[in-house]
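# A structural walkthrough
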Amino acid sequence: MKEKVIAVVGRPNVGKSTLVNRIAGKRLSIVDDKPNITRDRIYIDAEWQGKKFILIDTGGIVEGNNDEFTDNINAQVDIAINEADLILFLTDAKSGLNPYDYDIANKLRQIKKRVLLVVNKVDSIHQKDNTAEFWELGFDNMYLLSALHGDGGVGDLLDEITSDIKIQDVSESNEEDNAIKIAIVGKPNAGKSSILNNLLKKQRAIVSDVSGTTRDSIDEEIIFEDKVFRLIDTAGIRKKSKVDYGVEMFAVDRAIRAIRECDVALLVIDSTEGLSDQDKKIASIAEEAGCGLILAFNKWDLIKNVQTHIFEKEIESQAPFLNYAEKIYISAKTGQRLDNIFKKAIDVQEQRGKRISTGLLNKIVNEAYCLNPPTSIKGKSLKIYYTTQAKANPPTFVIFINNKDLVQDNYKRYINKKFRENFGFKGTPIVISYRPKGEK
């Protein structure tokens, strides 16, 4: 079920980020008295009385100021407005109506989307009495509130925002949870859109040799062997220094967000170029996000006289941290081994959800400790008391010890290796934290 998207817009310094933080219940957007603190759009998951939606915090709109910085912010806001289902137009009761407010109102009246006028910073009865002038902006409704103090006006606004949102029932939630979400990611021109089109057996995404053709993330569901998959094609992720501010940066942000929300990231790599530093960077993003990782070496039909195991050894020597990732060798052009994407995704998702009993965990950790005791530091020795699994997806473990300062990086790598040798976890990152006994 697609969640409702709400864009919060207005001129600089009217309290957009303060309102977003108030609704989200935590400080996610930077708040400052200086204008233009928020430059890019910030996507935030929010919930009100069991109803879920997405907020987009945006930079302050300044019409008629033709400098590159302002133009870029306005372009970002335009994208947010285009993506939103509902617009919150924020104004400032303390400073009163501003010429920019009229400009923004004219802009919003031209779009065919519902707009709620919100007058912020109504911190007293006196200010409330002086808000009638905002009706001049020409909107049918007006909500008075103080985002800073979180008065009843915020609740009234949230009631209106969520009035058409249904609370997701258990069956819908389970249906969505059962779909394995695969984000197709990589550098520009690696063949991501071609893979999507081939898997769907239709021209769903534009394919071009021009870098940056894919701007937005494209979602499609497909059933393979009675399992539901949601495929998310994303924009190519270039080095940050080469990304143009504006539409491309928005597309890259969406791609990175797709990685953070997916179950499995399919990192498409151009086999003719090999594993690049940028591929490694994208893989690191996936690892940090905790999603599964499949390295898909595309254009394999163009590689002659190279055996996969030799190619794989070269990759592992270049990036040892990716040894855990699943690897497949495919061709979007010929369709070679594309079905392996689904088969590997199923395997990886099973590994991500794997749970290990506390007894078996402690047996393996104790054996590892006895076989290779950690080196003492300044006469002090690391003691391991017990180990437990905190959660799955990704598999996360806590090892209770006497002192965190005694856990050296090489010993962490050793324990990590032992976990993989004994439990597999192929294709998924694992998280192992070390916590002094008694610490919560």
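The residue numbering used here restarts from 1 in each chain and proceeds along that chain's sequence as written. Confidence filtering applies because this is a predicted model: local features only for residues at pLDDT of at least 70, side-chain atom pairs given and counted only at 80 or more, and all residues used for totals across whole chains, interfaces and linings. Side-chain measures here rest on the full set of heavy atoms in the structure, leaving out hydrogens and waters.

A few words on the packing of aromatic side chains. Stacked, edge-to-face and tilted labels apply to pairs of Phe, Tyr and Trp rings (six-membered ring for Trp) whose centres lie within 6.5 Å, assigned for plane angles under 30 degrees, over 60, and everything in between, in that order. For the coordinates displayed, the defined rule picks out 14 aromatic pairs. Each ring, one from Phe89 and one from Phe139, has its centre 5.8 Å from the other, and the planes form 70°; the classification is edge-to-face. Of the two residues, Phe89 is situated in strand S4 (residues 86–92) and Phe139 in the loop between helix H4 (125–129) and strand S6 (142–144); the sequence distance between them amounts to 50 residues. With a relative accessible area of 0%, Phe89 lands in the buried category. Overall, the relative accessible area of 11% leaves Phe139 in the buried class. For the ring pair Phe224 and Phe342, a centre distance of 4.9 Å and an interplane angle of 25° mean the geometry is stacked. Of this pair, Phe224 sits in strand S8 (residues 218–224) while Phe342 sits in helix H11 (residues 339–352), and the two are 118 residues apart along the sequence. Residues Phe224 and Phe342 agree in their burial class; the two are buried. By way of ring pairs, the aromatic residues Phe297, Trp300, Phe311 and Tyr329 are connected into one cluster. The criterion for a charge sitting over a ring is simple: Lys NZ or Arg CZ within 6 Å of the ring centre, and within 35 degrees of the ring normal. In this arrangement the basic side chain of Arg109 is found over the ring face of Phe139, its NZ or CZ atom lying 5.9 Å from the centre. The ring of Phe425 carries Lys354 above its face, with NZ or CZ at 5.4 Å from the centroid. Strands are runs of DSSP state E lasting at least two residues, helices are runs of H or I lasting at least four, and both sets are numbered from the N terminus onward. Buried residues are those whose accessible area, probed at 1.4 Å on protein chains only, stays under 20% of the maximum for their type, while exposed residues exceed 50% and partly exposed ones sit between those limits.

Attention shifts here to the side chain of Thr58. The topology assignment puts Thr58 in the loop between strand S3 (51–57) and helix H2 (68–83). Within the structure, Thr58 has its side chain in polar contact with the backbone oxygen of Val8 (distance 2.6 Å). Think of a polar contact as two N or O atoms within 3.5 Å of one another; within protein, one of them needs to be a possible hydrogen donor and the other a possible acceptor, and neighboring residues in sequence only count if both atoms come from side chains.

So, on to the pattern of salt bridges. Within this document, salt bridges are pairs made up of a side-chain nitrogen of Lys or Arg and a carboxyl oxygen of Asp or Glu, the two lying within 4 Å of each other. Counted by the stated rule, this structure contains 16 salt bridges. Here Asp263 and Arg352 are joined by a salt bridge, their closest N and O atoms 3.7 Å apart. Note that Asp263 is positioned in the loop between helix H8 (247–261) and strand S10 (264–270) and Arg352 in helix H11, a separation of 89 residues in sequence. The exposure classification of Asp263 matches that of Arg352, with both residues buried. For Glu326, the salt bridge is made with Lys344, and the minimal N-O distance between the two is 3.2 Å. Here the residue Glu326 occupies a position in strand S12 (residues 326–329), and Lys344 occupies one in helix H11, the gap between them amounting to 18 residues. Using a relative accessible area of 10% as the deciding quantity, one classes Glu326 as buried. Given the relative accessible area of 24%, Lys344 is considered partly exposed. Each of the salt bridges in this network shares a partner with another, and the network as a whole consists of Lys181, Asp263 and Arg352.

Pairing between two strands is assigned when DSSP locates at least 2 bridges connecting them. A sheet is described by the order of its strands in space; here 6 strands give the open sequence S2-S3-S1-S4-S5-S6, paired in mixed fashion. The open sheet is flanked by strand S2 (42–48) and S6, the only strands paired with a single partner. Put simply, the sheet's adjacent strands are angled 30° from each other on average, direction ignored. Relative to S3, strand S1 (residues 4–9) is paired through 5 bridges, and the arrangement is parallel. Along S3, the bridge assignment pairs Ile6 with Leu55. Packing against the sheet, helix H3 (residues 99–109) makes contact with S1, S4 and strand S5 (114–120), and its axis sits at approximately 170° to S4. Interaxial angle, 0 to 180 degrees, is taken between N-to-C directions of lines fitted to C-alpha atoms, where a helix line uses only the stretch in contact. Any pair of residues with heavy atoms lying within 4.5 Å of one another is described as a contacting pair.

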